[in-house]
Amino acid sequence: MASKTAEHEDTHAPEIVDQEMVDEEIPEIDPNKIQILPGASEDGTAASFRILQEDHTLGNALRYVIMKNPEVEFCGYSIPHPSEAAMNLRIQTYGEITAVQALEKGLDDLVDLCDVVESKFRSAIDKGDYETTQPIDN
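Residues numbered from 1 in each chain as written. Predicted model: local features only at pLDDT ≥ 70, side-chain atom pairs only at ≥ 80, totals over all residues. Heavy atoms only, no water.

(A) Main features of a nonpolar patch on the surface. A cluster of nonpolar side chains, contributed by F121, I125 and Y130, occupies part of the molecular surface with about 320 Å² of accessible area. In this structure, F121 sits in helix α3 (residues 99–127). (Patch = residues over 30% accessible without salt bridge, like charges linked within 9 Å, V, L, I, M, F, W, Y side chains within 5 Å. Areas by Shrake-Rupley, 256 points an atom, 1.4 Å probe, with all protein chains shown as cover. Salt bridge = Lys/Arg side-chain N within 4 Å of Asp/Glu carboxyl O. Helix = DSSP H or I, 4+ residues; strand = E, 2+ residues; numbered from the N terminus.)

(B) Up close: the side chain of T93. The topology assignment puts T93 in strand β4 (residues 86–93). What T93 contacts, discounting residues up to four positions off in sequence, is T45, E71, V72, E73, T98, A99 and A102. (Contact = heavy atoms within 4.5 Å.)

(C) Just helix α2 (residues 56–67), in detail. For α2, spanning twelve residues, the distance from its first C-alpha to its last is 16 Å, which sits close to the expected 16 Å at 1.5 Å a residue. Restricting attention to buried positions, one finds in α2 the residues L58, G59, L62, V65 and I66. For α2, the buried positions fall inside an angular range of 145° around the axis, keeping them on one side. The secondary structure elements touched by the buried residues of α2 are β2 (46–52), β3 (72–78), β4 and α3. (Expected span 1.5 Å × (residues − 1). Buried < 20%, exposed > 50% of the residue type's maximum accessible area, 1.4 Å probe, protein only. Arc of directions from axis to C-beta.)

(D) Summary view of the sheet that holds β4. The strand order across the open sheet formed by four strands is β1-β2-β4-β3, and the pairing between neighbours is antiparallel. Since the sheet does not close on itself, it has two edges, and those belong to β1 (34–36) and β3, each with one partner. When the angles between neighbouring strand axes are averaged without regard to direction, this sheet yields 20°. Note: β1 against β2, three bridges, orientation antiparallel. Within β2, the residue paired with Q35 across the bridge is R50. Strand contacts of α2: β2, β3 and β4, with the helix running at about 175° to β3, the strand carrying the most contacts. Against the sheet, α3 makes contact with β1, β2, β3 and β4, and its axis sits at roughly 115° relative to β4, the strand it touches most. (Pairing = 2+ DSSP bridges. Axes fitted to C-alpha atoms, helices over the stretch in contact; angles between N-to-C directions.)

(E) Region of interest: the environment of S41. Relative to the elements of secondary structure, S41 occurs in the loop between β1 and β2. With relative accessibility at 26%, the residue S41 sits in the partly exposed group. Linking S41 and Q92, residues 51 residues apart in sequence, is a C-alpha distance of 9.3 Å.

(F) Here's a closer look at the pattern of salt bridges. Evaluation of the coordinates by the stated rule reveals four salt bridges. Here E54 ties to K33 by a salt bridge, and the two come within 2.9 Å at their closest N and O atoms. Separated by 21 residues along the polypeptide, E54 in the loop between β2 and α2 and K33 in the loop between α1 (19–23) and β1 bring together distant segments of the chain. Between E84 and R50 there is a salt bridge, with the nearest N and O atoms lying 2.6 Å from each other. Of this pair, E84 sits in the loop between β3 and β4 while R50 sits in strand β2, and the two are 34 residues apart along the sequence. The partly exposed category is assigned to E84, whose relative accessible area is 32%.

As structure tokens, then:
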């Protein structure tokens, strides 16, 4: 594990908090990751999507964030079968935006939310603003 203060002596480079994150490659995006299922409304205000290789972890968080959008009337998800690595997501809007736009906004908002949580977590760790306790033996 990399040191919190891995500063280069000769270049005075900024601190690298987590060298493992820096060394990770950005995964290639699968163009078929999200599919629009048959049965979408003609005006685009209602659609069902299949998101491959995802489960309840993304489904519940994405549903929650999408429902925070006042333009969205309904959002729900299901996992068709536990042995199938896919999630179905249904979005219906009031008509001002399309279901695709609501999904895009929901994904962007969820990324922003995760960035805030990560930032606050890292800040608390850097400050040492946390407590550790030993488990109580029974």
